[in-house]
Amino acid sequence: MKKELLAPAGDMEAGYAAIFYGADAVYLGLKHFSARATATNFDESELNEFVGFAHSKGKKVYAAINTLVEEDELSELINSLDICSRCHVDAVILQDIGVARIIKQKYPELELHASTQMAVHNKQGALALQKLGFSRVVLARELSLAEIKDIASIPGLETEAFIHGALCYSYSGLCLFSSLECGRSANRGKCLYPCRSEFEGESGKKHYFSMKDMALKEDILKMPVTSLKIEGRKKNALYVAAVTDYYRRILDGKGADSIREENIKQIFSRPWSEFHLHGKDKSVVDRDFVGHRGLPIGKIEQVFTGKITLHLKHDIARHDGIQIDVAGDEKPFGFSLQGMTVKKKNVFEAKAGEEVVIMLPPKAPRLEKGMTVYLASSSKVKGSYDYQRPKQGEFYQRLPLKVKVTVEENKISAEAGGVSATVAGEFSKANDVAKINEAIKTAFAKTGDTVFELADIEIENKQGLFVPMSVLNGLRRDLYSQINPVHNAGDLPQTGEPYVVKKQIWAIRTDDLTCLQNINLEEVDEIVYLLSPEADLEKLRDFPKNKIRLALPTLERVPLKYAELVRKLLSGGYKKWEIGNWWGLEMLPEHGLDLSFDGSIYMLNTQAIQAAKEMGANRVTLSVEDCLTNMLTLADMSSLPLCLPVYQDTPLFTSAVCIRANACKDCPKGEKWLKLRHEGKEYLALSKNCQTMLFAGKPLCFAREAKDVKAACYRVDFVYRHYTPTLVAEIWQKVRRFEDVENCSKANLISGGNF
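Treat the numbers as computed from the prediction; the structure is a model and nothing was measured.

Asker: Summarise the overall build of the chain; cite the residues concerned and give the values.
Answerer: When its secondary structure is counted, the chain shows 19 helices and 40 strands. Whereas a compact globule of 755 residues would reach a radius of gyration of roughly 27 Å, the chain reaches 31 Å, a difference of no more than 12%. Its C-alpha atoms put the chain at 100 × 90 × 45 Å along the principal axes. When burial is assessed residue by residue, the chain has 58% of its 755 residues classed as buried. At a minimum sequence separation of 6, the contacts of the chain that also span at least 24 residues come to 70%. Put simply, the chain shows about 31500 Å² of open surface, and 48% of that area lies on carbon and sulfur atoms.

Written out as structure tokens, the structure is:
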């Protein structure tokens, strides 16, 4: 099977570079709904021309509309999807299931690719999305080669895996850190990367969550996926060219070229890692430094006033960028090389193997022998990746247009695309009817900078009348200005009638049933019990079965370990269930259950809610990163009952990377809590079962605002952190009176939309 090499394009130049250096396909974002909102991205004209160019080369283009969409943004979403359709993109990469529903009903010509933001991390999740109409699934970066092979074995489903570029500490799509703490959501394309910051923890001040870059090199040949994806829509054309070229050569059997590898590291590179491709690796975090490092070219051997010496491992030249790791500084010390000597002679270039004296800029930090020196940018490399660009407008795609022109004695009219235009006048007999008809064709063939091209023209000039060219040009301009090129836009797909809340219930969600012993069960309408392989099923018997809803966890790399547990509980008569990820759909029967979706299956618009209903959901949970304005809108319009979490210790992220300092072989296993501080804020990290979850020092509490949201269910969560029965009862009584607990957070709730 020929593997597709998929390269990023944050702008036109990166796209051209990607194709010139061997990409089989390019993925990009539009001006709206892109998970890389701060990239340049493409407007319609640029997308149109680039897709035309790519298709002329036999390449594909995928548009990333992979953010969550609020209700009042759906009309703008339609405009973006219509642009994709008009410009003939080959597929849309998406996260929001509401976007998928719209595409399936209004844009069947567009393929659906499930973004890595959908957190597909097992075979069951991929199977569920295939049944929902996705032709391709972008896999979670955390997967091992064995897991990738397992998912790639699904018949009829394309798979896509990342092979190079930046890594997130969290599973993509399950990170709320930037959103809840900074007001800028990764799920909305606005991540501020707080995980890259320095925290004070058990090992001192470190970057506990700052990941190295992924670089799988020749391991990509072992991956049986459809598409090999390079990360980097915020990188420039030079980076895209170099990385694409490097992997193109590997796929073509030419091997991993060491020179090209060095080039990439000079352009942009954190230290490289294979992440978890060959098993768990604790070295994937760069705790001491952040950002671009460069190519190591040697270590400082001597330090003098204003200069250092080292033996070079790589050529360097004047004006190259140099960086040096300095202990205690978050980022390496960098400067432009302005002077150097070899054998006491000033040189413009120094070669590998030579001892060089490098002149330091004024106010350089204290440097010491043994510090690593990096080549962070190279003038030579910058000139090594030229590429051809087409002439502007050469590949612009135009919509075919059929025009009918009717000439009468007192008027001339034209119609096309469902609109018409008329010019009044007195028109006399033409000397040469064929000539005037040709003039009409010529006039209407001038489509200028519109998106149209004349495909066919019908002329009705029964009396053989003459029309001046100025009149024809005016008629054409009037007609073409009226035609709306949007051929799919209009009403959104229908959703069900708004659900009318007849009774509001109160629920408790917990992973520890013993913490409920001081709760009056008469006050609790529902207990949502989060299952685990160690779940205490005997304890369930202490509670009325009709009040129990069983919840499958959001993340589970080996879902089959739940198969027997689920079977036993189903046969025991438990009919109420909740899922937090798509894999849960595959673990439960399609019919006969009361099924709820937790908030990690994001519901920010009525199209998503209706899609959930069509999947068999009986209730959905509002996202805790949503804002009150959108919640109120959904409460009025939702076709399903809504559950609103009013109190919760929300995981800011969930990671497959262990935060513990010890080696895996020395790990005592079990649960461990670690305290962290950053800019005066306290955080708690939970390390358990080789997984890390981060929590803010303050819980979320929406109790005061909850009474204004017409939710069918208000939910109080006591999950992950340890709660005493006394504290549980105290919080429960307080929030049921719609009173906030002390020292709580509101996140984005009352700060407005566009989080």
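Asker: So what about the packing of aromatic side chains? Which residues, and what values?
Answerer: Across all of its chains, the model carries 31 aromatic pairs by this definition. Look at tyrosine 246 and tryptophan 272: their rings are 6.5 Å apart centre to centre, the planes differ by 55°, and that puts the pair in the tilted class. Of the two residues, tyrosine 246 sits in helix 8 (residues 237-251) while tryptophan 272 sits in strand 12 (residues 272-273), which places them 26 residues apart along the sequence. The same class applies to tyrosine 246 and to tryptophan 272, which are both buried. Measuring from centroid to centroid gives 5.6 Å for phenylalanine 695 and tyrosine 720, while their planes differ by 45°, and the two rings are tilted. In this pair, phenylalanine 695 sits in strand 38 (residues 691-696) while tyrosine 720 sits in the loop between strand 40 (713-718) and helix 19 (725-736), placing the two residues 25 residues apart along the sequence. Classification of phenylalanine 695 as buried rests on a relative accessible area of 1%. Site record: aromatic cluster; members linked through ring pairs are Tyr169, Phe177, Phe199, Phe209, Phe653 and Tyr683.

Asker: Which residues make up empty space enclosed by the protein, and what are the values?
Answerer: If you walk through the whole model with that rule in mind, you get 6 cavities of 30 Å³ or more. Empty space within the largest cavity amounts to approximately 440 Å³. Surrounding the largest cavity, 31 residues form its lining, Arg36, Gln117, Arg141, Cys168 and Ser172 being those nearest its centre. Grouping the constituent residues of the lining of the largest cavity by class yields 17 nonpolar, 9 polar and 5 charged. Looking at the second largest cavity, its volume works out to about 120 Å³. In this structure, the second largest cavity is lined by 15 residues; those nearest its centre are Met118, Trp582, Ser600, Ile601 and Tyr602. Among the residues forming the lining of the second largest cavity, the class breakdown is 8 nonpolar, 6 polar and 1 charged.

Asker: Can you explain the sheet that holds strand 23 (residues 372-377)? Please cite residues and give values.
Answerer: Taken together, 4 strands build an open sheet; the order of strands is 13-23-17-18 and the sheet is antiparallel. Among the strands making up the open sheet, the edge pair consists of strand 13 (295-299) and strand 18 (333-336). On average, each strand axis in the sheet is inclined to that of its neighbour by 30°, with strand direction left out of account. In this structure, strand 17 (residues 321-324) lies alongside strand 23, joined through 4 bridges in antiparallel fashion. By the bridge assignment for strand 23, isoleucine 324 is matched with valine 373. Where helix 9 (residues 258-267) meets the sheet, its contacts fall on strand 13 and strand 23, and the angle it forms with strand 23 comes to roughly 85°.

Asker: Kindly report on the nonpolar core, identifying the contributing residues and their values.
Answerer: Judged by nonpolar contacts, the single largest core of 199 residues is most densely connected at Ile97, Trp577, Trp582 and Phe597. Per-element accounting of this core gives the leading share, 10 residues, to helix 8. The contact partners of phenylalanine 597, leaving out residues within four places of it in the chain, are Glu578, Ile579, Trp582, Leu585, Met603, Ala612, Met615, Ala617, Arg619, Val620 and Thr621. Among the nonpolar cores identified, the runner-up in size contains 27 residues, and Ala416, Ile440, Leu465 and Leu475 belong to it.

Asker: Which residues make up the environment of isoleucine 412, and what are the values?
Answerer: Within the secondary structure layout, isoleucine 412 lies in strand 25 (residues 411-416). The spatial distance from the C-alpha of isoleucine 412 to the C-alpha of leucine 375 is 70 Å, given a sequence separation of 37 residues. In contact with isoleucine 412, other than residues within four places in its own chain, are Val405, Thr406, Val407, Ala421, Thr422, Val423, Phe427, Val467, Val471, Leu472 and Leu475.

The rules behind each value
Residues numbered from 1 in each chain as written. Predicted model: local features only at pLDDT ≥ 70, side-chain atom pairs only at ≥ 80, totals over all residues. Heavy atoms only, no water. Helix = DSSP H or I, 4+ residues; strand = E, 2+ residues; numbered from the N terminus. Rg over C-alpha atoms; globule rule 2.2 N^0.38 Å. Buried < 20%, exposed > 50% of the residue type's maximum accessible area, 1.4 Å probe, protein only. Contact = heavy atoms within 4.5 Å. Areas by Shrake-Rupley, 256 points an atom, 1.4 Å probe, with all protein chains shown as cover. Phe/Tyr/Trp six-rings, centres within 6.5 Å; stacked < 30°, edge-to-face > 60°. 1 Å grid on protein atoms, 1.4 Å probe; cavity = no way out; pocket = protein on both sides within 12 Å on 5 of 7 lines; lining within 4 Å. Points joined across faces, edges and corners; volume = space filled by probe spheres on them. Nonpolar A, V, L, I, M, F, W, Y, C, P; charged D, E, K, R; others polar. Pairing = 2+ DSSP bridges. Axes fitted to C-alpha atoms, helices over the stretch in contact; angles between N-to-C directions. Core = buried A, V, L, I, M, F, W, Y, C linked by side-chain atoms within 4.5 Å.

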